[in-house]
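Working through the structure, step by step
The chain contents come next:
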Amino acid sequence: MKLDFEHIPAGHCENGVISSLLKYHGLNLSEAMIFGIGSGYFFAYLPFVKLNGIPLASFRPVPGMIFARAAKRLGIKMKKQTFRKQPKRAMDELDKVLEKKLPVGVQTGVYYLSYFPPAYRFHFNAHNLTVYGKENGNYLISDPVMEYPTTLTYEELKKARFAKGPLSPNGKMYYPINIPENIHLKPAIIKGIKQTCDWMLTIPVPLFGVKGIRYLAKRVRKWPDKLGARKAASYLAQLVRMLEEIGTGGAGFRFIYAAFLQEVSEVMDDQRYFELSKEMTQIGDKWRSFSSLAAQTCKGRSSDPDAYNTISNLMLDIASDEEQFFIKLKKLIRNAGK
Amino acid sequence: MEKDKVPQDEGITGGVTREVQYAVDKDGKYVKTFSKGWEPKNIVNELAWEDIQEQVDEANQKIKAGKASPIMHFMAKNQMNPTLLADYAELSKWKVKRHLKPRGFKKLKPEQLENYSKVFNISVAELVNFKPE
């Protein structure tokens, strides 16, 4: 059984899955639009949360949040299920929903996805993909970060859905059950942008938003001294991976946000969002320079303090740019709401 | 990022796939393009694998010195730490830690060995007979 489902490659898995599920049900919203409405743009530095023993820096809110917010703001009802320690039931339930001719989004652990290039395969449990059919016992998979659709065996999919460790999916699956006939984009966009501005500018803890970038910049400066050359390089490498590796659309989602603002300028019929999109592209380009510089510094694991200083300064510079940007956007959106 | 400047540095994608990259076309409009990869990403990914290999090497040293059991090798190879391994083996962490020592490993019953080898996706023989180079 194979559903007439269109595989749409995307920058980011979560938004990609939602966007293509909605498209199947006749609602055309781009990945960037979902990302913007769901306030996907963010920065958080969480020194007490360790990934591979390295403090976590994230350029997005916790998994599932973007999509939950977007669905709420658009009035879309999703059915969500988890199956703690019941893999068999989780697979049966998936089959049942597929039988009803509904493609299903599932959360998986990347480590068990056999179709990925080996270099991708780390223990990361918040990866989303769509199952859109079953043929000869194999599941038909539309993974948004893959260029083409793929397949998984029953065992592989079961393992991936029950990967263990941080953010374990517990078989989580979801699909839309009610999509309103008339979607009101404008109010959803306004809510999404407002929250992003607030989260980037006003959270009174120095680990989040623009303040978080500054905080991390100061830490980065001290890394070679504090950690030694080898470990400092590992820390920096992980930061670049959070920015660039699978599913950010490049530069820590900054380019996706710029694409979103272009769409907003059309929906709002307001050229000023298009101008801001250009600024966001420049911010994204700066993050790309950061990645490039940081990677060069990691390579060979040099502990040149000058290099770490340059990187830190570039981050401070980006933080200022983002601050200015969101102050402008906040002003613009405040008036749009009236 | 401009469309014609989207990097195409083959590396971690290994010819298996291409990644979506958002970029602007000549009219300044955003489009989704494909990228085979980007050298800075290849560099940092390689570093992450180096870190994993380093842990495997460390485990092998300990096994050779008689200070660790084969489980430590496969744990490192599967990018796990005792907490994650305990999760997968459905054991308590302190038990896993005991099995990481040669003495605790020797006392494992066949079904416990089977349990570990399942987690690592290898045969019991591969686990028990493992010798680091």
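Rules and cut-offs
Residues numbered from 1 in each chain as written. Chains lettered and ligands numbered in written order. Predicted model: local features only at pLDDT ≥ 70, side-chain atom pairs only at ≥ 80, totals over all residues. Helix = DSSP H or I, 4+ residues; strand = E, 2+ residues; numbered from the N terminus. Rg over C-alpha atoms; globule rule 2.2 N^0.38 Å. Contact = placed C-beta atoms within 7 Å. Buried ≥ 20, exposed ≤ 12 C-beta atoms within 10 Å, placed from the backbone. Pairing = 2+ DSSP bridges. Axes fitted to C-alpha atoms, helices over the stretch in contact; angles between N-to-C directions. Domains from an automatic or database assignment. Nonpolar A, V, L, I, M, F, W, Y, C, P; charged D, E, K, R; others polar. Core = buried A, V, L, I, M, F, W, Y, C linked by C-beta atoms within 7 Å. Parallel < 35°, antiparallel > 145°, perpendicular 65-115°, else oblique. Left-handed = near helix turned anticlockwise from the far one by under 90°.

Helix and strand content of chain B: seven helices and two strands. Its helices and strands in sequence order give chain B the pattern β-β-α-α-α-α-α-α-α, from N to C terminus. Relative to its length of 133 residues, chain B is extended, with a C-alpha radius of gyration of 21 Å against a globular reference of 14 Å. Sequence separation of 24 or more characterises 45% of the internal contacts of chain B that already satisfy a separation of 6 or more.

This part is about the overall build of chain A. Along the backbone of chain A there are 11 helices and eight strands. Its C-alpha radius of gyration of 20 Å places chain A within 12% of the 20 Å reference for a compact globule of 338 residues. C-alpha extents for chain A along the principal axes are approximately 60 × 50 × 30 Å. The buried share of chain A, reckoned over its 338 residues, is 49%. Considering only intrachain contacts with a sequence separation of at least 6, the fraction spanning at least 24 residues in chain A is 70%.

Turning next to the sheet that holds strand β7 (residues 150-152) of chain A. Residue and element names in this part refer to chain A. Pairing is antiparallel in the open sheet, where six strands are placed in the order β3-β8-β4-β5-β6-β7. At either margin of the open sheet sits one strand with a lone partner, and together these are β3 (77-81) and β7. On average, adjacent strands in this sheet sit at an angle of 40° to one another, irrespective of strand direction. Of the strand pairs in this sheet, strand β6 (residues 138-142) and β7 are connected by three bridges, and their pairing is antiparallel. Bridge pairing in β7 links L140 to T151. Docked against the sheet, helix α4 (residues 87-99) engages β3, β4 (104-108), β5 (127-135) and β8 (173-178), running at close to 65° with respect to β5. Contacting β4, β6 and β7, helix α5 (residues 154-161) runs over the sheet at an angle of about 65° to β4.

It is worth spelling out the environment of K218 of chain A at this point. All names here are of chain A. Locating K218 in the fold gives a position in helix α7 (residues 209-227). Judged by local crowding, K218 falls into the exposed class, with 12 C-beta atoms found within 10 Å. Considered as a pair, K218 and K286 are 68 residues apart in the sequence and their alpha carbons are 18 Å apart.

A word on the domain arrangement of chain A. Residue and element names in this part refer to chain A. Domain annotation of chain A identifies domain 1 (13-37 + 77-178) and domain 2 (186-336). On a C-alpha basis, the centroid separation for the pair domain 1 and domain 2 is 28 Å. Contacts between the two partners involve nine residues from domain 1, matched on the other side by 13 residues from domain 2. Considering only residue class, the side of domain 1 that touches domain 2 consists of seven nonpolar, two polar and no charged.

Moving on: the nonpolar core. Counting 111 residues, the largest nonpolar core has V131, L236, I256, F260 and C298 of chain A as the members making the most contacts within it. If you tally residues by element for this core, the top one is helix α10 (residues 271-298) of chain A, at nine residues. Sequence-distant contacts of F260 of chain A, defined by excluding residues within four places in its chain, comprise A32, M33, F35 and G36 of chain A. With 19 residues, the next largest nonpolar core counts A76, Y88, V119 and F120 of chain B among its residues.

Looking now at the domain arrangement of chain B. The domain architecture assigned to chain B consists of domain 1 (3-37) and domain 2 (49-128). Relative to domain 2 of chain B, the C-alpha centre of domain 1 of chain B lies at a distance of 40 Å.

If you look at the interface, chain A gives 37 residues, while chain B gives 27 residues. Taken together, the elements giving at least two residues each to the side of chain A that touches chain B come down to α8 (229-244), α9 (254-267) and α10 of chain A. When residues in the side of chain A that touches chain B are grouped by element, the largest group, eight residues, is from α10 of chain A.

This brings us to the packing of α8 of chain A against helix α1 (residues 39-64) of chain B. Running from amino to carboxyl end, α8 of chain A crosses α1 of chain B at an angle of 130°, the nearest separation of the two axes being 9 Å. Judged by the inter-axis angle, α8 of chain A sits oblique to α1 of chain B. Considering the relative orientation of α8 of chain A and α1 of chain B, their crossing is left-handed. Two secondary-structure elements touch here, α8 of chain A through A233, S234, A237, V240, R241 and E244 of chain A and α1 of chain B through P40, K41, V44, N45, L47, A48 and D51 of chain B. Partitioned by chemical class, the residues of the contact of α8 of chain A with α1 of chain B number seven nonpolar, two polar and four charged.

A few words on the packing of α10 of chain A against helix α11 (residues 305-336) of chain A. All names here are of chain A. Between α10 and α11, whose axes approach to 10 Å, the crossing angle comes to 165°. It follows that α10 is roughly antiparallel to α11 by the angle criterion. Read as a crossing pair, α10 and α11 show a hand that is left-handed. Split by residue class, the contact of α10 with α11 holds 16 nonpolar, three polar and six charged.

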